[in-house]
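A look at the structure
The primary structure of each chain is shown beneath.
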Amino acid sequence: MKFSRFWTRVQGLAVAFLLGAMVPASAAYPDKPVRLVLPLAPGGAMDVLGRGLAERLGALWKVPVIVENRAGAGGNIAADQVARAAPDGYTLLLTGDMLVANQTLFQGTINYDPVKSFAPISIVAATPPVIVVRADSPVRDIAGLRDAASRHVVNIGTPGYGNSNHRALTRLQQQVQGTVQHVPYKGAGPAVVALLGGEIDAAIVALPAVSSLIANG
């Protein structure tokens with residue numbers, strides 16, 4: 001499979017497919033629809049990336065690439081589904097560092113091996129996490145967040161467990177002399193909606209999930 005021309009245009013999240021999914025060089029791959037499973041809810045950076053990826057691959061392969069959002073359990077529902085799929089290359093998983101981190105966070109409850117259950121295809125993109133607040137928030141910087149946390153609980157949403165956004169929040173919690181509460185959601189989309197609706201005080205998500213909102217103030 002020739003991916004190099006496409007992958008060189010983008011660089012963080014990884015696409016993985018089942019171990020043994022490579023088909024013989026003589027076989028015509030793909031000759032039927034391909035499933036691309038996403039571990040987070042619609043509306044976030046990974047969802048946008050996944051749908052763009054599916055469109056490009058569908059045009060390249062001349063077969064439909066069907067996106068399936070399987071959010072929940074920090075991405076473990078999607079990973080477990082792909083790990084149990086037939087190892088024929090027709091079920092792909094777009095995921096991130098959560099695939100490995102969750103082995104520790106959910107120790108003893110994971111039914112897949114992040115190394116043995118999958119075979120990597122390529123790094124697809126790098127998306128830096130950002131912390132955002134509503135435009136009417138009195139918090140304008142990290143110093144302001146520290147001050148707010150010293151006076152009351154600050155609730156910060158993330159797209160779930162194990163990803164770089166969750167780890168960024170963990171580091172922030174270690175640096176703040178106060179209470180910063182983690183509120184996990186099933187993706188960046190739901191976390192941003194919760195922030196805009198006043199359900200949480202801030203959110204840490206990948207930049208593409210909020211770039212248009214930042215541009216609009």
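Residues numbered from 1 in each chain as written. Predicted model: local features only at pLDDT ≥ 70, side-chain atom pairs only at ≥ 80, totals over all residues. Heavy atoms only, no water.

In the annotation of an unreviewed UniProt entry, the chain is listed under the name Tripartite tricarboxylate transporter family receptor and assigned to Achromobacter insuavis.

Describing the side chain of Asn 165
Examined against the element boundaries, Asn 165 turns out to sit in helix H6 (residues 164-175). By relative accessible area, which is 7% here, Asn 165 ends up buried. Ignoring any residue separated from it by four or fewer positions in sequence, one finds Asn 165 in contact with Pro 129, Thr 158, Pro 159, Ile 204, Val 205 and Ala 206. (Helix = DSSP H or I, 4+ residues; strand = E, 2+ residues; numbered from the N terminus. Buried < 20%, exposed > 50% of the residue type's maximum accessible area, 1.4 Å probe, protein only. Contact = heavy atoms within 4.5 Å.)

Things to note about the pairing of strand E3 (residues 65-69)
Within E3, 4 of the 5 residues are buried, leaving the element largely enclosed by the surrounding structure. Where strand E2 (residues 34-38) and E3 come together, 5 bridges link them in parallel fashion. In the sheet register, Val 34 faces E3, and the bridge partner there is Val 65. With respect to chirality, the unit in which E2 leads through helix H2 (residues 45-61) into the neighbouring parallel E3 is right-handed. (Pairing = 2+ DSSP bridges. Right-handed = clockwise from strand over helix to strand, strands pointing away.)

Some remarks on the nonpolar core
By size, the foremost hydrophobic cluster in this structure holds 19 residues, and its most contacted members are Val 34, Leu 36, Trp 61, Val 65 and Leu 94. Of all the secondary-structure elements, those providing two or more residues to this core are E2, H2, E3, strand E4 (91-95) and strand E5 (118-125). When residues of this core are assigned to their parent elements, the largest contribution, 5 residues, is made by H2. Setting aside anything within four residues of it in sequence, one finds Leu 36 in contact with Gly 50, Leu 53, Ala 54, Val 65, Ile 66, Val 67, Glu 68, Leu 92, Leu 93 and Leu 94. Grouped together as the second largest cluster of nonpolar side chains are 15 residues, Val 132, Val 192, Ala 206 and Val 210 included. (Core = buried A, V, L, I, M, F, W, Y, C linked by side-chain atoms within 4.5 Å.)

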